[in-house]
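Close look at the chain arrangement
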Amino acid sequence: APSRDTMPGLPRFHLDTSAPHSRRPCHQWPGSWASLQKTVVILCLLLSSTSLSPTHAQTEIPPETVKLWADTFGRDLYDTVTKYSGSLLLQKKYKDVESSLRIKEVDGLELVRKFSEDMETMLRRKVEAVKNLVEAAEEADLNHEFNESLVFNYYNSVLINERDENGNYVELGAEFVLESNAHFSNLMVNTSISSVQLPTNVYNKDPDILNGVYMSEALNTVFVENFQRDPTLTWQYFGSSTGFFRIYPGILVQADRDNREHFKQLVDELMVKGVGVVNQALTEAFQILKQFQEARQGSLCNQAIMLITDGAVEDYEPVFEKYNWPDRKISTLADAQENVMEYLHVLSRPMVINHDHDITWTEAYMDSKLFTSQAQSLMLLTTVAMPVFSKKNETRSHGILLGVVGSDVALRELMKLAPRYKLGVHGYAFLNTNNGYILSHPDLRPLYRDGKKLKPKPNYNSVDLSEVEWEDRAETKRVLFLTNDYFFTDISDTPFSLGVVLSRGHGEYILLGNTTVEEGLHDLLHPDLTLASDWIYCITDIDPDHRKLSQLEAIVRFLTGEDPDLECDEELVREVLLDAVVTAPMEAYWTAMTLNTSDESEQVVDMGEVPNLSPCRKFLTPEDEASIFTMDHFPLWYRQAAEHPAGSFVFNLQSAEAPESPGQPMVVTASTAVAVTVDKKTAIAAAVGVQMRLEFLQRTFWAATRQCGTVEGPCPESCQDSSLDCFVIDNNGFILISERSQE
């Protein structure tokens, strides 16, 4: 038995190892599991060494008494949770429709290939959009004659809609219509035109800037056409080598309170950590380049060393004199600032001459447009980008880089192509880069909480699969023991790979059913039923006429034929209709239980769950986001129930001391799986359960421990005695019930 030292908050105890059962302070007599096995809790007695010897304890508390307590508590608890959850009713309802059900075995290889092809198609559309921008930008530059005295007004993102003290629009700040757009995370945008952003140290009327902005106005039409052709596109942009940035849709990037706080936070986090010893690095870099050049190794392309620093504190003249000055390529460090752009042209020259427009995909990064001091979550993106070159004959030999165009791809949108319901109870999909880093994974947690703020982890986009597959938080967690099969393949024409994980056992099967549209719609539209908000039943983000539809509204239009243009997942729609029909009697059952309960059972809060239907949010505390169905995962209580025999309840204690929900009563969630067997295959159809206040569970337990079998009168010893410590622990070893509430 574990030493009591391993249980924080409990006094130490020592056992006489010569005494019978002394190595088993948490007794597990086989007979006591007759009823307790269906509740998956363990009754544990610890004897206080200061007042009671083990021998005396066994005389006063015989195993038969503890068995009686366990049986009584197990029977009472099982009867309660079975009665109020309605698990037997739900099992019967699925049994009634068994003839219309079939169980499909999940084929991992087929799934990963299908998902990969769908993702390749989606990403190819993004590449085509970027190519359209490249062609338009290069053609616009070819037809543009540089005008030193050009006068031109444009929409400056920092100045739009700004007025002076007289109420007039400031220069470069004309009226710019902005509307909240759900597709762009509810930011205020203008989807008919782009806007221009410039760094504060760039003069917004510099001739190079004005000519570049004027030339790139031609991209507005292409931005809009791209978005109309592929409404899943997000941000599109052109970054000019002269220093400006054109973004579509147009957006209000002002120094408002949120933005100021965001940048203050970033500045506050900057720390001076000594000085950079660059001399050795430069020496090593020159030597490496020299070795490759002399040996004719490597790519044999242009060579350059780029030094990025906030200040050079050393004298590098000896290094330059030894390695660089024979060819006089750089004379002083001051040359770098003046010649950086010239060197970009030099480095890009071979690509320009050969007409190479390399397609570049980035690793995962956070959307800074959404990251403010109030951010509670963050969208991860990847970007596809291509260079834009000058095609003018007089500059072609110089290799002039005009800039870069790109478009963002929300990884969340990409992962929607690997729908959660097709992967079994525990399955999931993930994306890797060609460097082996995670691009997207349900357990990738890029943020950490610092007080009330969420901050990005330093290495959030360079996380290995082996790291993310293990829990990265220090606190103890409930666990599941699973055996997983991993399937993976590349996504053609990208540097990405797709992986699909399926768990053996229940995770290998999914339940399919059928019902009439009329019956299904009747029950689906019941006011007490809600759909899991993250699940995609119908595609509503492509056609502008569909974007304001909820998933439920889209399903209704699809099933009634009201909108033949709607594209829906027919298999998933059939499943949710079946779930709605089968679970329809549950609401009436729970209502009857509520009306006919005694006072003591008022502490039970009912909750029923099937995969497609999400719980009423009022029963969930704010920290319970992990307890609802999302695009990424089934809730833990559902997955735990699925890994235990059908009818066996799993108990989880939820703390009331979370900072988001002070004063909330502690509750215990009890859940059980409902399984269906067809043609000797068994699949999980649903999970159902109750939430109970902890005090109800405690009262039930203390009442059970007042039993003492055939002994007449009061029990000689009970859990109320100061000489005994009685506990109920769950199947992960967490204490559910103790006389000391802090435990």
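Our structure is the block above this text.
Just so you know, the residues in each chain are numbered from 1, in the order the chain's sequence is written. Per-residue local features of the predicted model are confined to residues with pLDDT of at least 70, and side-chain atom pairs are confined, for both listing and counting, to 80 or more; whole-chain, interface and lining totals are unaffected and use all residues. Water and hydrogen atoms play no part in the side-chain values, which are based on all heavy atoms of the structure.

**Description of unusual backbone geometry**
A cis amide bond links Tyr248 to the next residue, Pro249, at an omega of -5°. In the Ramachandran plot, Leu172 falls in the positive-phi region, its phi being about 65° despite a non-glycine side chain. Strands here are runs of E lasting at least two residues and helices are runs of H or I lasting at least four, both read from the DSSP assignment and numbered beginning at the N terminus. With respect to the helices and strands, Leu172 occurs in the loop between α5 (108–142) and β3 (179–181). Even without a glycine there, the phi angle at Asp493 is positive, about 65°. Here Asp493 lies in the loop between β17 (484–490) and β18 (497–503).

**Structural notes on the state of the cysteines**
Disulfide: a pair of cysteine sulfur atoms within 2.5 Å of each other. Per the stated rule, a full pass over the model turns up two disulfides. Between Cys538 and Cys568 runs a disulfide, and the two sulfur atoms are separated by 2.0 Å. Taking the torsion about the sulfur-sulfur bond, which here is approximately 105°, the covalent link between Cys538 and Cys568 counts as right-handed. Of the two residues, Cys538 sits in strand β20 (residues 538–539) while Cys568 sits in strand β21 (residues 567–568), which places them 30 residues apart along the sequence. Like Cys538, the residue Cys568 is buried in the burial classification. Only protein chains enter the accessibility calculation, which uses a 1.4 Å probe; a residue whose area is less than 20% of its type maximum is buried, one above 50% is exposed, and one in between is partly exposed.

**Re the environment of Tyr78**
With respect to the helices, strands and loops of the structure, Tyr78 is situated in helix α3 (residues 63–85). The class for Tyr78 is buried, based on a relative accessible area of 18%. Linking Tyr78 and Phe649, residues 571 residues apart in sequence, is a C-alpha distance of 7.9 Å.

**What to know about a nonpolar patch on the surface**
A patch consists of residues exposed above 30% relative accessible area that lack any salt bridge, with like charges linked at up to 9 Å and nonpolar side chains (Val, Leu, Ile, Met, Phe, Trp, Tyr) linked at up to 5 Å. Only the protein chains shown count as cover for residues, and all accessible areas are computed by the Shrake-Rupley method using a 1.4 Å probe. The salt bridge criterion pairs a side-chain nitrogen of Lys or Arg with a carboxyl oxygen of Asp or Glu, the two atoms within 4 Å. Among the surface-exposed residues, Ile536, Ile539 and Ile542 lie close enough to one another that they form a single nonpolar patch of about 200 Å² accessible area. Within the fold, Ile536 resides in the loop between α15 (517–524) and β20. For Ile536, a relative accessible area of 32% translates into the label partly exposed.

**Some remarks on the pairing of strand β13 (residues 428–432)**
Extensive coverage of β13 is indicated by the burial of five of its five residues. Following DSSP output, two strands are said to pair if at least two bridges run between them. Of the pairings in the sheet, the one linking β13 to β18 comprises five bridges and is antiparallel in character. In the sheet register, Phe430 faces β18, and the bridge partner there is Gly499. For β13 and strand β14 (residues 438–440), the ladder comprises two bridges, and the chain directions are antiparallel. Residue pairing for β14: Asn432 is matched across the bridge by Ile438. Where β13 folds back on β14, the antiparallel hairpin that results is connected by five residues, among which Gly436 adopts a positive phi of roughly 85°.

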